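Each chain, written out:
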Amino acid sequence: AILPGTKVIETESKALARAEARNKAKKLSQSAIASKKSEASKLRADRERLRLEDEQKYTALLTVVILVSMAWIAFLAFSNSRDRQSEIGILRAMGISTGSILGTLMGRAFLVGFTGAGLTLLLAFLLSDPLKDSLHGFELRSLQYGIPIVLVSVPVLSCAASWLPALQAANRDPATICRDEHHAQQ
């Protein structure tokens, strides 16, 4: 309408238009790739954060379970030493040393802990296949690496929990124990 009767003649080639279209497509694809990489790195960071949070939760739960177990073992050791105080008093009156009685009580605690750890590991191996199915392929390989740790730490924790009750039982005066038992029988 401004220049009537004029013709438009293309001076640049179609190849240049195609090159510009390719460059534009390249920039678009590079920005899309960068966006996907950014999303992927964000997902990896989120997964790592969740894994660390789960690890902290499991560590806290394991700590609570260990403390409760040690308290229960200490209670059982105290109850056992109280039930056996007449036997301990007789042994002490016969001249058995405090160290021998303490060693016997601690040996019992060690054997109970070792037996419990062994039975627990056996049960874990027997249940590992059903657990794998229910946990959707969760690998229990870490169990085989933890066997030596479990077989050493559980008896040691059992001995630690039994130490005070065993020490209290072994250090009681045999005359007091025998006198208390004599009064209890009458």
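## A word on the overall build of the protein
What the protein contains, in helices and strands, is 5 helices and 0 strands. Each helix (α) and strand (β) of the protein, taken in turn from the N terminus, gives the series α-α-α-α-α. In the protein, which comprises 186 residues, the share counted as buried stands at 15%. In the protein, 81% of the contacts between residues at least 6 apart in sequence involve partners at least 24 apart. Taken as a whole, the protein presents about 14,400 Å² of accessible surface, with 65% of it coming from carbon and sulfur.

## Points about the nonpolar core
Ile88, Ile101, Leu102, Leu105, Met106, Ala109, Cys159, Ala166, Ala169 and Ala170 together form the largest nonpolar core, which totals 10 residues. Contributing elements (two or more residues each) for this core: α3 (98-134) and α4 (141-170). Examining the composition of this core, we find that 5 residues originate from one element, α3, more than from any other. Ignoring sequence-local partners within four residues, the contact set of Met106 consists of Cys159, Ser162, Trp163 and Ala166.

## So, the packing of aromatic side chains
What the rule picks out here adds up to 2 aromatic pairs. Consider the rings of Phe110 and Phe114, whose centres lie 6.3 Å apart with planes at 10°: the pair is stacked. Linking Phe110 with Phe114, this pair stays in helix α3, spanning 4 residues, or about one helical turn.

## Considerations on helix α1 (residues 14-83)
In this model α1 runs 102 Å from its N-terminal to its C-terminal C-alpha over 70 residues, within 8% of the 104 Å that 1.5 Å per residue would give. Regarding α1, the residues found buried are Ala77, Ser79, Asn80 and Ser81.

## Brief notes about the environment of Gly116
Mapped onto the elements of the fold, Gly116 is located in helix α3. Look at Gly116 and you get partly exposed, because its relative accessible area is 30%. A sequence separation of 42 residues divides Gly116 from Ser158, and the C-alpha atoms of the two residues are 9.9 Å apart.

## Examining the pattern of salt bridges
Under the counting rule described, the total for this entry stands at 4 salt bridges. The partner of Glu48 in a salt bridge is Arg51, with the nearest N and O atoms 2.5 Å apart. Of this pair, Glu48 and Arg51 both sit in helix α1, 3 residues apart, which is roughly one turn of that helix. Residue Glu48 is classed as partly exposed on the basis of its relative accessible area of 36%. Each of Glu48, Arg51 and Glu55 takes part in a single network of salt bridges with overlapping partners.

Thresholds, definitions, all that
- Residues numbered from 1 in each chain as written.
- Predicted model: local features only at pLDDT ≥ 70, side-chain atom pairs only at ≥ 80, totals over all residues.
- Heavy atoms only, no water.
- Helix = DSSP H or I, 4+ residues; strand = E, 2+ residues; numbered from the N terminus.
- Buried < 20%, exposed > 50% of the residue type's maximum accessible area, 1.4 Å probe, protein only.
- Contact = heavy atoms within 4.5 Å.
- Areas by Shrake-Rupley, 256 points an atom, 1.4 Å probe, with all protein chains shown as cover.
- Core = buried A, V, L, I, M, F, W, Y, C linked by side-chain atoms within 4.5 Å.
- Phe/Tyr/Trp six-rings, centres within 6.5 Å; stacked < 30°, edge-to-face > 60°.
- Expected span 1.5 Å × (residues − 1).
- Salt bridge = Lys/Arg side-chain N within 4 Å of Asp/Glu carboxyl O.

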